[in-house]
Amino acid sequence: MPGSMLDTMPTSLRDEAVELLRELIRADTVNPPGNETRAAEILRAYLEANGVACELYARSPERANLVARIPGSGDGPRLLLLSHTDTVLATPEEWTVDPWSGALQGGCVWGRGALDMKGQVAASAVAIASLARESFRPAGDLIFAATADEEVGEDEYVGLRWLCEEHPDAVRCEYAVNEGAGDRLELGGRVFYLCSSAEKTSSPFRLVVHGRSGHAAQPGIADNALVKAALLIERVASFREEPQLGPETEGFLAAVTGTVPPAAEALETARKVDPAAAEVLEPLLSMTMAPTMIAASDKRNIIPGVCDVTVDCRLRPGQTQEEVDRGLRDWLGEGDYEIVWREGQGGTRSPLDTPLWTAVEEFVSRTEPGAVPVPSCVAGFTDSHWLREAFATVAYGFFPMKEMDADLASRLIHSADERIAVADLELGTEFLRHVAISLAPA
Ligand SMILES: [Zn+2]
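Presented here is a report on the structure given in the accompanying data block. (Residues numbered from 1 in each chain as written. Predicted model: local features only at pLDDT ≥ 70, side-chain atom pairs only at ≥ 80, totals over all residues. Heavy atoms only, no water.)

Considerations on the pairing of strand β19 (residues 394-397)
Right, on to step 1. Both faces of β19 are covered, namely the face carrying Val394 and Tyr396 and the face carrying Ala395 and Gly397.
Right, on to step 2. Pairing of strand β7 (residues 175-178) with β19, which is carried by four bridges, proceeds in the parallel orientation. Residue pairing across strands places Val177 opposite Tyr396, the latter belonging to β19. (Buried < 20%, exposed > 50% of the residue type's maximum accessible area, 1.4 Å probe, protein only. Helix = DSSP H or I, 4+ residues; strand = E, 2+ residues; numbered from the N terminus. Pairing = 2+ DSSP bridges.)

Structure follows, in structure tokens:
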């Protein structure tokens, strides 16, 4: 590796994680096209130099996934530190630094992917490398996987889904720590850290409205599908589901408010403790629907006979399309339209009464006495889904963030001037080491 971090002797795990992260950011892995092999090679050089055996798995040569492991001594549970190496694109003109510079400024490492999620890639790698140097021998394998293609993942799968299907033995595990949460919240004067244990199902659908085409100069003899769609779009946008509780929202309410009220009173109960608690809770209580795309006539002078509206829809974990379809048709009423569902993605959950949760709890209270983790459900999609489906893995999204404000972090993800606080990188590295040690006593 030219200019590798290994040229200089790291003085601490923090510096080691910082240097590795800067090197990873300098490797442009914007997806598409990805080129994740660049990141995989950096990680391989680093891990092998620290005595951790690595394997590259690539469906196409430029898009390698790296899997490394410290083999277990017996038959304890396997723990996977999961991360992805691809990033979304960056528009350099919007940034105050070069997005691929890995600049170290003002206590932060700057660059595309610093938060999503090369920071956690680096922290996970340093966690397993440092444990290997200490001759750590877990009961079950400690696995590190830095995978390709989390951000796009359409059509031809090359990342974790492909690994689960084609190389299941490489990534099979009982427990996994991935991205998804770790936000620090102060609610009603107490400190909580979000730990995501579930995700909504991304389940878009098309609302196809039918009319009759005709010349635009004689609107009277046609039946304009675009005009008919307008009313239906408003109905879709105003569709509200009755709030429902699930294990994550019940856990959140119990921790934050000390009680689990009926679903209809959940928001009010949370609001009494802190308005911000209600804000966190609200999107988790019901499914959401948002019309986002539309296509009608492609000629100005032709009245469209069909109008095709795409609706972004996020179901609660476990909720089915059939259930929503029924409710939506009742709400829209009779009409000349079809609802065409696309395949849903995500929607899995992991239980909360697990040794992994206990490990998160221990770490959080050690970091800040009195603080507790609370379960959350991510609105988007993460790779945890593939592990839960393939191996019934208990997978949580957790990378604690104490130094940087959670609101700022969520604004920086996928945006300009993305950066991670060095203090958080260090905290995350400590957390991942803590999980490995507490889950895998030899
Ligand atoms: Zn991500």
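Now that the structure has been shown, the text picks up again.
Some words on unusual backbone geometry
Generally, phi is negative for residues other than glycine and the peptide bonds are trans, each holding for most cases.
Right, on to step 1. Each neighbour pair has its own omega, and for Asn31 with Pro32 the value is -5 degrees, a cis peptide bond.
Right, on to step 2. Its place among the elements puts Pro32 in the loop between α1 (13-26) and α2 (37-49).
Right, on to step 3. A cis amide bond links Pro32 to the next residue, Pro33, at an omega of 5 degrees.
Right, on to step 4. Among the structural elements, Pro33 can be located in the loop between α1 and α2.
Right, on to step 5. With a phi angle near 60 degrees, Ser135 is a residue other than glycine that sits in the positive phi range.
Right, on to step 6. Mapped onto the elements, Ser135 comes out in the loop between α3 (114-133) and β6 (142-147).
Right, on to step 7. On the accessibility criterion, Ser135 (54% relative accessible area) is exposed.
Right, on to step 8. Backbone geometry places Asp149, a non-glycine residue, at a positive phi of 55 degrees.
Right, on to step 9. As for its position among the elements, Asp149 is in the loop between β6 and α4 (160-166).

Quick notes on the layout of surface pockets
Unfilled space is identified by rolling a water-sized probe across the atoms.
Right, on to step 1. The volume enclosed by the second largest pocket comes to roughly 270 Å³.
Right, on to step 2. Lining the second largest pocket are 14 residues, and of these Arg240, Glu282, Ser286, Met287 and Thr288 lie nearest its centre.
Right, on to step 3. The set of elements that each furnish at least two residues to the lining of the second largest pocket consists of α9 (275-285) and β13 (288-295).
Right, on to step 4. By residue number, the principal contributor to the lining of the second largest pocket is α9, which donates three residues. (1 Å grid on protein atoms, 1.4 Å probe; cavity = no way out; pocket = protein on both sides within 12 Å on 5 of 7 lines; lining within 4 Å. Points joined across faces, edges and corners; volume = space filled by probe spheres on them.)

Considering the packing of α2 against α3
Packed helices, taken two at a time, are described by their axes: the angle between them and the distance between them.
Right, on to step 1. Where α2 meets α3, the closest approach of the two axes is 9 Å, and the angle between their N-to-C directions is 20 degrees. Classified by the interaxial angle, the pair formed by α2 and α3 is roughly parallel. Here the hand of the crossing between α2 and α3 comes out right-handed. Contacts from Leu43, Tyr46 and Leu47 in α2 reach Val121, Ala125, Val126, Ile128, Ala129 and Arg133 in α3.
Right, on to step 2. Along the lines of polarity and charge, the residues of the contact of α2 with α3 split into eight nonpolar, no polar and one charged. (Axes fitted to C-alpha atoms, helices over the stretch in contact; angles between N-to-C directions. Parallel < 35°, antiparallel > 145°, perpendicular 65-115°, else oblique. Left-handed = near helix turned anticlockwise from the far one by under 90°. Contact = heavy atoms within 4.5 Å. Nonpolar A, V, L, I, M, F, W, Y, C, P; charged D, E, K, R; others polar.)

Let's talk about the side chain of Thr37
Right, on to step 1. Mapped onto the secondary structure, Thr37 falls in helix α2.
Right, on to step 2. What makes Thr37 buried here is its relative accessible area of 16%.
Right, on to step 3. Within the structure, Thr37 has its side chain in polar contact with the backbone nitrogen of Arg63 (distance 3.1 Å).
Right, on to step 4. Ignoring sequence-local partners within four residues, the contact set of Thr37 consists of Pro61, Glu62, Arg63 and Ala64. (Polar contact = N/O pair within 3.5 Å; in protein donor to acceptor, adjacent residues only side chain to side chain.)

Some points on the sheet that holds strand β20 (residues 419-421)
Right, on to step 1. Strand order in this open sheet of three strands is β4-β5-β20, and the pairing throughout is antiparallel. Only two strands of the sheet have a single neighbouring strand rather than two, namely β4 (104-105) and β20.
Right, on to step 2. Where strand β5 (residues 108-110) meets β20, three bridges bridge the pair, whose relative direction is antiparallel. By the bridge assignment for β20, Trp110 is matched with Arg419.
Right, on to step 3. Against the sheet, α3 touches β5 and β20, its axis set at about 50 degrees to β20.

Brief notes about the coordination of the zinc ion
Right, on to step 1. Within the protein, His84 (NE2), Asp116 (OD), Glu179 (OE) and Glu179 (OE) serve as the donor atoms for the zinc ion, at 1.9 to 2.6 Å.
Right, on to step 2. Here the zinc ion is ringed by four donor atoms whose angles at the metal span 53 to 147 degrees, and the overall shape comes out irregular.
Right, on to step 3. Positions of the donor residues of the zinc ion along the chain correspond to the pattern H-x31-D-x62-E. Of this pair, His84 sits in strand β3 (residues 79-84) while Glu179 sits in the loop between β7 and β8 (184-187), and the two are 95 residues apart along the sequence.
Right, on to step 4. Residue classification places Glu179 among the buried residues on the basis of a relative accessible area of 13%. (Donors = N, O, S within 2.8 Å, 3.2 Å for Na, K, Ca; no water. Tetrahedral: all angles 85-135°; square planar, octahedral: opposite > 155°, others 65-115°.)

Observations regarding the pairing of strand β15 (residues 306-315)
If a strand is regular, its side chains alternate between the two faces of the sheet.
Right, on to step 1. One ladder, built from two bridges, connects strand β10 (residues 201-202) with β15; its direction is antiparallel. Counterpart to Thr201 in the pairing with β15 is Leu315.
Right, on to step 2. Taken together, the six bridges between strand β11 (residues 205-210) and β15 define a ladder with antiparallel strand orientation. Within β15, the position partnered with Phe205 by the bridge is Val311.
Right, on to step 3. Bridging between β13 and β15 involves seven bridges; their strand directions are antiparallel. In the strand pairing of β15, Ile294 is matched with Val309.

Description of the nonpolar core
Right, on to step 1. Counting residues in each nonpolar core, the largest one holds 68 residues, and the members touching the most others are Leu20, Leu43, Leu47, Leu79, Leu142 and Phe144.
Right, on to step 2. Examining the composition of this core, we find that 12 residues originate from one element, α3, more than from any other.
Right, on to step 3. Filtering out sequence-adjacent residues up to four positions away, Leu79 remains in contact with Asp141, Leu142, Ile143, Tyr175, Ala176, Val177, Val435, Ala436 and Leu439.
Right, on to step 4. Within the second largest apolar cluster, 21 residues are counted, among which are Ala225, Val236, Met287 and Leu315. (Core = buried A, V, L, I, M, F, W, Y, C linked by side-chain atoms within 4.5 Å.)

Focus on the packing of aromatic side chains
Two numbers describe a pair of aromatic rings. These are the distance of the centres and the angle of the planes.
Right, on to step 1. Evaluated as defined, the whole model comprises eight aromatic pairs.
Right, on to step 2. Ring geometry for Trp357 against Tyr396: centres 5.5 Å apart, planes inclined by 90 degrees, an arrangement best described as edge-to-face. In this pair, Trp357 sits in helix α11 (residues 355-367) while Tyr396 sits in strand β19, placing the two residues 39 residues apart along the sequence.
Right, on to step 3. Assessed through its relative accessible area of 8%, Trp357 is described here as buried.
Right, on to step 4. Measuring from centroid to centroid gives 4.9 Å for Phe398 and Phe431, while their planes differ by 70 degrees, and the two rings are edge-to-face. Remark: Phe431 occurs in helix α14 (residues 422-439) and Phe398 occurs in the loop between β19 and α13 (406-412); sequence separation between them is 33 residues.
Right, on to step 5. Looking at Arg161, its charged tip hangs above the ring of Tyr157, at a distance of 3.9 Å from the centre. (Phe/Tyr/Trp six-rings, centres within 6.5 Å; stacked < 30°, edge-to-face > 60°. Lys NZ or Arg CZ within 6 Å of the ring centre and 35° of its normal.)

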